[in-house]
Amino acid sequence: MGHGHHHGHGAHAHPQASATRTFAWVTLINLAYTAVEAGYGFHTNSLALLSDALHNLGDVLGLALAWGASALAGRRPRGRHTYGWRRATLLSPLANAVLLVVFSGALGWEAFRRFSAPPEIPATPVIVVASLGILVNLGAAWLVKDGHAHDLNKRGAFLHLMADAAVSLAAVLAGVGMATLGWAWLDPATALLIAVVVAIGSWGLLRASFDAAMDAVPGHVDAEEVRAFLQEQPGVSAVHHLHIWSLGANEIALTAHLVRARDDDHDAFIDATLHALDDRFGINHATLQIERGAGCGHDLHDAAPHHSH
């Protein structure tokens, strides 16, 4: 006997549409700023501005991935996609994290290369345009900050934008230092510092998004605590075949077999258990199978080698 969660998917529609609009605005704002920065870079022949514009273009592509993932997640389940497209919000941050790691490595390499012969950079355009970049990126980060702690898609975009703001701040400081002190080495030094900061910040996102893509138990959920909770429910004598994974942003799935020999109302038991799983663990897409005996060898055969005891 099985039972899925009782909530309809309509409740996800409005937040998903709002998230899609947010990603659209953030992507377009950053694309406009990238065009302005690249234009000033070509006009002043500033390699610093052109390099930052190239980096921002890469981030625009990352934001576009988050935008596309958010839009796909809003598509209703149908045909072969019985869960819909919500997993796109887990794959997008993985791609974002890879872009961040690649960017930090490329930036670090370029910084080491420039230490031997730091180029002369016009300081004033760098300071002005980079200051604008701080405002643009912090404003865009504010737009996506709601829920980014538990939404990997928003978290990836948020980290991208904060990294951009940090890069712009470093460019401003380097420009001020070069203008007032004539220290050309500030350009590669700040670039190297930012590369290290971005690499450290993106590693956590890369690990979390890779785990989510591999159907790992979400980091804030203790699988053994969930197992113990199910084991403690009235009439349950055993719990097996327990799996917990992320379906998408803010949506956690669970399947489990519960051995329960009692003859009372299993539907009421399942409804109460599903409510408790949602309230206590945030597991909002659970499916429970009730079994009368402890044998249940049908989930232990070779076709299901992923069984758990």
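You'll find the structure just up there.
Bear in mind that the values here come from a model prediction, so they are computed numbers and not experimental data.

Parameters at a glance
- The residue numbers shown here count from 1 along each chain, following its written sequence.
- Confidence filtering applies because this is a predicted model: local features only for residues at pLDDT of at least 70, side-chain atom pairs given and counted only at 80 or more, and all residues used for totals across whole chains, interfaces and linings.
- The side-chain quantities take in all heavy atoms of the structure and omit both hydrogens and water.
- Only DSSP runs of H or I covering at least 4 residues are called helices, and only runs of E covering at least 2 are called strands; the numbering of each starts at the N terminus.
- Between buried and exposed lies partly exposed: a residue is buried under 20% and exposed over 50% of the maximum accessible area for its type, with that area taken using a 1.4 Å probe on protein chains only.
- Contact definition: two residues touch when any of their heavy atoms are within 4.5 Å.
- Reported accessibility uses the Shrake-Rupley method at a 1.4 Å probe radius. Residues are deemed covered only where the shown protein chains occlude them.
- Two strands pair under a simple rule: DSSP has to find at least two bridges between them.
- With strands facing away from the observer, any crossover in which the path from the first strand over the helix to the second runs clockwise is taken as right-handed.
- Along the arc lie the directions from the helix axis toward the C-beta atoms.
- Between N or O atoms, a polar contact is any pair within 3.5 Å; within protein, one atom must be a potential hydrogen donor and the other a potential acceptor, and residues adjacent in sequence are included only when both atoms are from side chains.
- The span one expects for a helix is its residue count, reduced by one, times 1.5 Å.
- Lines are fitted to the C-alpha atoms to define the axes, a helix being fitted only along its stretch in contact, and any angle between axes, read from their N-to-C directions, falls within 0 to 180 degrees.
- These descriptions rest on fixed angle ranges, namely under 35 degrees for roughly parallel, over 145 for roughly antiparallel, 65 to 115 for roughly perpendicular, and the rest for oblique.
- Crossing handedness is read from the near helix: turned anticlockwise from the far helix by less than a right angle, it gives a left-handed crossing, and turned clockwise, a right-handed one.
- Amino acids outside the nonpolar list (Ala, Val, Leu, Ile, Met, Phe, Trp, Tyr, Cys, Pro) and the charged list (Asp, Glu, Lys, Arg) are all regarded as polar, and Gly is one of them.

Undergrad: Got a sec to walk through the overall build of the protein? Specific residues and values, please.
TA: If you tally the helices and strands in the protein, you get 8 helices and 4 strands. When the helices and strands of the protein are placed in sequence order, the string is β-α-α-α-α-α-α-α-β-β-α-β. Taken across its 309 residues, the protein has 45% of its residues classed as buried. Put simply, of all contacts in the protein between residues at least 6 apart along the chain, 73% involve residues at least 24 apart. When the accessible surface of the protein is summed, it comes to about 15,400 Å², and 65% of that surface belongs to carbon and sulfur atoms.

Undergrad: Pulling in residues and values, what's your account of the pairing of strand 4 (residues 285-291)?
TA: With respect to burial, strand 4 is a largely interior element, 5 of its 7 residues being buried. In the sheet, strand 3 (residues 251-260) pairs with strand 4 via 7 bridges, with the strands oriented parallel. Counterpart to His257 in the pairing with strand 4 is Gln289. The parallel pair strand 3 and strand 4, bridged by helix 8 (residues 266-281), forms a crossover whose chirality is right-handed.

Undergrad: A description of helix 7 (residues 223-231) should follow, citing residues and the corresponding values.
TA: For helix 7, the complete set of buried residues consists of Val226, Arg227, Phe229 and Leu230. Buried residues along helix 7 cover an arc of 160° about the axis, so they all sit on one side. Structurally, the start of helix 7 carries an N-cap: the backbone nitrogen of Glu224 is 3.0 Å from a side-chain oxygen of Asp222.

Undergrad: Just give me the short version of the environment of Val128, but keep the residues and values in it.
TA: Locating Val128 in the fold gives a position in helix 4 (residues 123-144). Placed 43 residues apart in sequence, Val128 and Ala171 show a C-alpha to C-alpha distance of 9.9 Å.

Undergrad: Describe helix 8, and please don't skip the residues or the numbers.
TA: For helix 8, with 16 residues, the first-to-last C-alpha span of 22 Å sits near the 22 Å given by 1.5 Å per residue. Along helix 8, the positions that sit buried rather than exposed are His266, Phe269, Ile270, Thr273, Leu274, Leu277 and Phe281. The arc that holds the buried residues of helix 8, viewed along the axis, is 130°, so those residues lie on one side. Looking one or two residues beyond helix 8, the residue adopting positive phi is Gly282, at roughly 75°.

Undergrad: Lay out the packing of helix 7 against helix 8 in plain terms, naming residues and giving numbers.
TA: Orientation of helix 7 relative to helix 8, taken along the N-to-C sense of each, is 150°, at an axis distance of 12 Å. By the angle between their axes, helix 7 is roughly antiparallel relative to helix 8. Crossing angle aside, the handedness with which helix 7 passes helix 8 is right-handed. Within the contact between the two elements, helix 7 uses Glu225, Val226, Phe229 and Leu230 and helix 8 uses Thr273, Ala276, Leu277, Arg280 and Phe281. Here the residues of the contact of helix 7 with helix 8 sort into 6 nonpolar, 1 polar and 2 charged.

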